[in-house]
Amino acid sequence: MIAVIFELKAEYGFASVDTEIHLWHLVREGGTVALCDRTMTVDSRTRSSADLRDIFPERLCPACRQRYCELLPNMTHPAPAAPAAHSGA
Ligand SMILES: [Zn+2]
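Residues numbered from 1 in each chain as written. Predicted model: local features only at pLDDT ≥ 70, side-chain atom pairs only at ≥ 80, totals over all residues.

A. Representation of the overall build of the chain in the model. The secondary structure content of the chain amounts to 1 helix and 3 strands. Listing every helix and strand of the chain by position from the N terminus yields β-β-β-α. Sorting the 89 residues of the chain into buried and exposed places 13% on the buried side. In the chain, the share of contacts with a sequence separation of at least 24, taken over all contacts with a separation of at least 6, comes to 55%. (Helix = DSSP H or I, 4+ residues; strand = E, 2+ residues; numbered from the N terminus. Buried ≥ 20, exposed ≤ 12 C-beta atoms within 10 Å, placed from the backbone. Contact = placed C-beta atoms within 7 Å.)

Quick look at the structure:
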């Protein structure tokens, strides 16, 4: 089974690295193109997507978040194999 793993990459504001991070984007592990099609620089600060819960929603790129939510159902719920219930007749 292939699991797509995402990482968070930081988009900095127009300031330097030691200032606060502007926005986080979601990229596929090892990649540099975010879900919102923005190309991130390789040296952007990277965090595991497990840190998502620690990031304020307003700090996460809205476009990335939406794409991520669209992708999630396919990944977390592989074919629901519930047998059709026989409803009494
Ligand atoms: Zn984004």
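B. Local environment of the environment of Cys61. By secondary structure assignment, the location of Cys61 is in the loop between strand E3 (46-48) and helix H1 (62-76). Residues within four places of Cys61 in sequence aside, it is in contact with Leu23, Trp24, His25, Ala34 and Cys36.

C. Region of the structure containing the nonpolar core. Within the largest apolar cluster, 9 residues are counted, these being Phe6, Leu8, Trp24, Leu26, Val27, Ala34, Met40, Cys61 and Cys64. Within the residue set of this core, elements represented by two or more residues are strand E1 (6-12) and strand E2 (21-28). In terms of residue count, the dominant contributor to this core is E2 (3 residues). Not counting the four nearest positions on each side in its chain, Leu8 is found in contact with Trp24, Leu26, Thr46, Arg47, Ser49, Asp51 and Leu52. (Core = buried A, V, L, I, M, F, W, Y, C linked by C-beta atoms within 7 Å.)

D. Spotlight on unusual backbone geometry. A positive phi angle, near 75°, is found at Asp37, a position not held by glycine. For Asp37, the location among the structural elements is in the loop between E2 and E3. Looking at Asp37, the number of C-beta atoms within 10 Å reads 10, which means it is exposed.

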